[in-house]
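Commentary on secondary and tertiary structure
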Amino acid sequence: MKFEEAIQKIQYGKCLLLTGAGFSLGAKNYKQDKSAFRIAKYIAHELYNECDVPKENQDDDLRRASQWYIRQYGEDKIIAFLQREFIIKEISPTQKELGNFPWRRCYTLNYDEILERAYLENNKLLSSVTLSDESEQYRTSSVCVHLNGVISQLSRATIDNSFKLTYKSYNKDYIKNTGWWEIFEDDLLLCDAIFFVGCSLQSDTDLIHLLDRTKNIKEKTFFIVGPDENDIDLMQLEDLGTPLKLGTEGFVRELQNVPIINVDIPYTFHHFVTPRITNQKPERKRISFIDLLVKGNVDENLLAYSIKNADSFPYFVFRDKLEVVLQKIQSGCPFIVVLSDLGNGKTLFLKALSICLLEKGKKVFYLERDALSAIDELDYICNQTDDPTVIIIENYADTVNLLKKIGRYKHNHISLVLSERTPAHETAHLFLRDIMLDDPFEIDLNELTDKEVESLIQVVEKNGLWQKRSHFTVDEKIQFIKTRCKRHLSQFIIQLVKSDDLGNRYNEIVTAIKHRSDYYQALLYLLIGAVLDFRLRLVDIVDDLGLDYNRHFENSTLK
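Here's a quick rundown of the structure.

Conventions we followed
- Residues numbered from 1 in each chain as written.
- Predicted model: local features only at pLDDT ≥ 70, side-chain atom pairs only at ≥ 80, totals over all residues.
- Heavy atoms only, no water.
- Pairing = 2+ DSSP bridges.
- Helix = DSSP H or I, 4+ residues; strand = E, 2+ residues; numbered from the N terminus.
- 1 Å grid on protein atoms, 1.4 Å probe; cavity = no way out; pocket = protein on both sides within 12 Å on 5 of 7 lines; lining within 4 Å.
- Points joined across faces, edges and corners; volume = space filled by probe spheres on them.
- Nonpolar A, V, L, I, M, F, W, Y, C, P; charged D, E, K, R; others polar.
- Contact = heavy atoms within 4.5 Å.
- Axes fitted to C-alpha atoms, helices over the stretch in contact; angles between N-to-C directions.
- Salt bridge = Lys/Arg side-chain N within 4 Å of Asp/Glu carboxyl O.
- Buried < 20%, exposed > 50% of the residue type's maximum accessible area, 1.4 Å probe, protein only.
- Arc of directions from axis to C-beta.
- Polar contact = N/O pair within 3.5 Å; in protein donor to acceptor, adjacent residues only side chain to side chain.
- Parallel < 35°, antiparallel > 145°, perpendicular 65-115°, else oblique.
- Expected span 1.5 Å × (residues − 1).
- Lys, Arg positive; Asp, Glu negative; His and termini not counted.

Quick word on the sheet that holds strand E14 (residues 414-421)
Spatially, the 6 strands line up as an open sheet ordered E10-E12-E13-E14-E11-E15, and their pairing is mixed. If you trace the sheet from one side to the other, it starts and ends with strand E10 (272-273) and strand E15 (441-444), each paired once.

And the structure:
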């Protein structure tokens, strides 16, 4: 990504800002003399001088100098020294301007609160947090995360902990051991671009450790350094991103020259979807019900009409427990898990639930595909509205990372509905409880109720699929479902597939696949995985079998 393209993205609020020591230059503190902010090495030498350390024994290490100063004069005196040094009296116009832009989140390696003041002078609020603050309490972008501690919280209690000053404090509470590490990683990976302003490999040595992950996102990482940055440091920065010798002032000038696009761009979802319902009345087609049984294809528009009028649109067997879940959500139940064995109707139940919730005025977000970038969409869902919202996720055991984020982001106005196969839930429910800190309300769909059995008979009858059992009386059909199929929808579908019509459709698909050994191998792999409850992706199967995905499967029936 080019720099010009990256700075265009800042106005959309999805870029990351991280400031280092160089950014603070230009601000003023309350010292009577030498009120201008200084970088760490000059402060280190002043500490050494006050301790009468000979010049030849001094170095630029603030941590080492601070430790020696504390030994000589105690903690209270160095706290007073640092407060004089880092409490802000005024900031520069350039620093103020940087606070005018909508950053995804702000991080700083500095003790001062220049960014917070910059936001305030732009009539915006930016709260200071440190690594000792609970990350779960700060879900919004309006925080500045002080990775090394913040001057306003410096005290005897923090000087050896959240305030990273001495070697002793640097060994504690480092970001990788806190909840902030997960947020920092998400921000680095999911943001549109990353701008490090005033960071130097000489003065901000911890930067290298924090940027372990940015090697994977080098293309969108930019380092704004001073015009005098030496070539050796520039070479090292090039391994992590693109260094630009603009300085803070030059960077802000570039941002000011970016044309503002005054268009309200709607948020685009790629992973979470809402039910696709139209006002167009669907055609009643037998093939739609067959596709539902044979291929698992759900026609959401037809499903919506079937919920309202099952006689005219025989497509959905209304489950009694759908009303139970709707009532639970209406009463504020935050956490529901829907369970059944393979093929017993979880997906159709959740699709119907999402449509019913939408009809009742709830905001509904159904996870269609999980990926790292789904976290951004989740953050948006949880923080952009206080309207009653329901998040629906199938096969929750496959979405552990996303569930962890939900545990952190979820507010009281959000209900979570998950589904899982019964055996998988029996092993996964403990980690689910650890994440959500609560037990869910559970719904078991494995067995059809008497009312559902009768509804199923009518739907199959109206679609003309009883075939060789069409001569059965209603009572015989009821007994067939209750006894032969054990009230299981999956068993009933298997019996239907054995009929000529559905059986022929399955045979057409399987025969086409059997003529291609690569497809057939993959099909067997999938079937074995389904029996063993392995959640296999097609790309994993292709890799294991040594096949070419683009040549064999990109547009295949199997896919």
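So much for the structure itself; the text now carries on.
Some thoughts on empty space enclosed by the protein
In total, this model carries 5 cavities of 30 Å³ or more according to the counting rule given. Here the largest cavity is characterised by a volume of approximately 50 Å³. Lining of the largest cavity is provided by Glu283, Arg284, Lys285, Ser288, Phe289, Leu302, Phe313, Pro314, Tyr315 and Asn463. Here the residues of the lining of the largest cavity are counted per class, giving 5 nonpolar, 2 polar and 3 charged.

Some remarks on the environment of Phe316
Examined against the element boundaries, Phe316 turns out to sit in the loop between helix H14 (300-308) and helix H15 (320-330). The sequence separation of Phe316 and Leu456 amounts to 140 residues, and the corresponding C-alpha distance is 8.3 Å. In this structure, Phe316 is in contact with Leu303, Ser306, Ile307, Leu322, Leu348, Ala352 and Val459, ignoring residues within four places of it in sequence.

Considering the sheet that holds strand E1 (residues 15-19)
A sheet is described by the order of its strands in space; here 7 strands give the open sequence E5-E6-E4-E1-E7-E8-E9, paired in parallel fashion. Where the open sheet ends on each side, the last strands, each with one partner, are strand E5 (127-130) and strand E9 (242-244). The average undirected angle you get between the axes of adjacent strands in this sheet is 25 degrees.

Quick look at the pattern of salt bridges
For the structure on display, the rule yields 19 salt bridges. Glu368 serves as the salt-bridge partner of Arg276, at 2.7 Å between the closest nitrogen and oxygen. Placement of the pair is Arg276 in the loop between E10 and helix H13 (286-294) and Glu368 in the loop between strand E12 (363-367) and helix H17 (374-383), with a sequence separation of 92 residues. Overall, Glu368 belongs to the partly exposed group, its relative accessible area being 36%. Each of Lys31, Arg38, Glu46 and Glu85 takes part in a single network of salt bridges with overlapping partners.

Structural notes on helix H11 (residues 231-238)
Looking only at H11, the buried set comprises Asp233, Leu234 and Leu237. Taken around the axis of H11, the buried residues stretch over an arc of 100 degrees, which confines them to a single face. Exposed residues lying more than 90 degrees from the buried face of H11 are Asp231 and Ile232. Buried positions along H11 lie against strand E8 (221-224) and E9. Where H11 begins, one side-chain oxygen reaches toward the backbone nitrogen of Ile232, 3.0 Å away; that side chain belongs to Asn230.

Quick word on the side chain of Ser66
One can find Ser66 in helix H4 (residues 62-73). Under the relative-accessibility criterion, Ser66 is labelled buried at 0%. At a separation of 2.7 Å, a polar atom in the side chain of Ser66 contacts the main-chain carbonyl oxygen of Leu62. If sequence neighbours within four positions are ignored, Ser66 has contacts with Leu47, Ile78 and Leu165.

A closer look at the packing of H14 against helix H16 (residues 346-359)
Where H14 meets H16, the axes come as close as 10 Å, and the angle between the chain directions of the two elements is 70 degrees. Relative to H16, the element H14 is oriented roughly perpendicular. Residues Glu300, Leu303, Ala304, Ile307 and Lys308 of H14 form the contact with H16, whose own contacting residues are Leu348, Lys351, Ala352, Ile355, Cys356 and Glu359.

Some words on the pairing of strand E7 (residues 193-197)
Counting buried residues in E7 gives 5 out of 5 residues, a clear majority hidden from the surface. Two elements, E1 and E7, share 5 bridges in a ladder whose sense is parallel. Bridge pairing links Leu17 to Phe195 in E7. Two elements, E7 and E8, share 4 bridges in a ladder whose sense is parallel. Each residue of the ladder has a partner; that of Phe195, found in E8, is Phe222.

Things to note about helix H20 (residues 450-462)
The end-to-end C-alpha separation of H20 is 19 Å, in line with the 18 Å expected for 13 residues at 1.5 Å each. Those residues of H20 that fall on the buried side of the exposure criterion are Glu452, Val453, Leu456, Ile457, Val459 and Val460. For H20, the arc enclosing every buried residue in end-on projection is 170 degrees, short of the 170-degree limit, so these residues lie on one face. Looking at the buried positions of H20, the neighbouring elements they touch are H13, H15, helix H21 (474-484) and helix H22 (489-497). Immediately downstream of H20, the backbone of Gly464 shows phi near 65 degrees, a positive value.

Remarks on the side chain of Lys362
Examined against the element boundaries, Lys362 turns out to sit in the loop between H16 and E12. It turns out Lys362 is buried and unbridged, and the closest side chain with the opposite charge, Asp387, is 10 Å from it. Setting aside chain neighbours within four positions, we find Lys362 in contact with Ile329, Gln330, Leu357 and Pro388.

What is shown is where atoms sit, not what they do.
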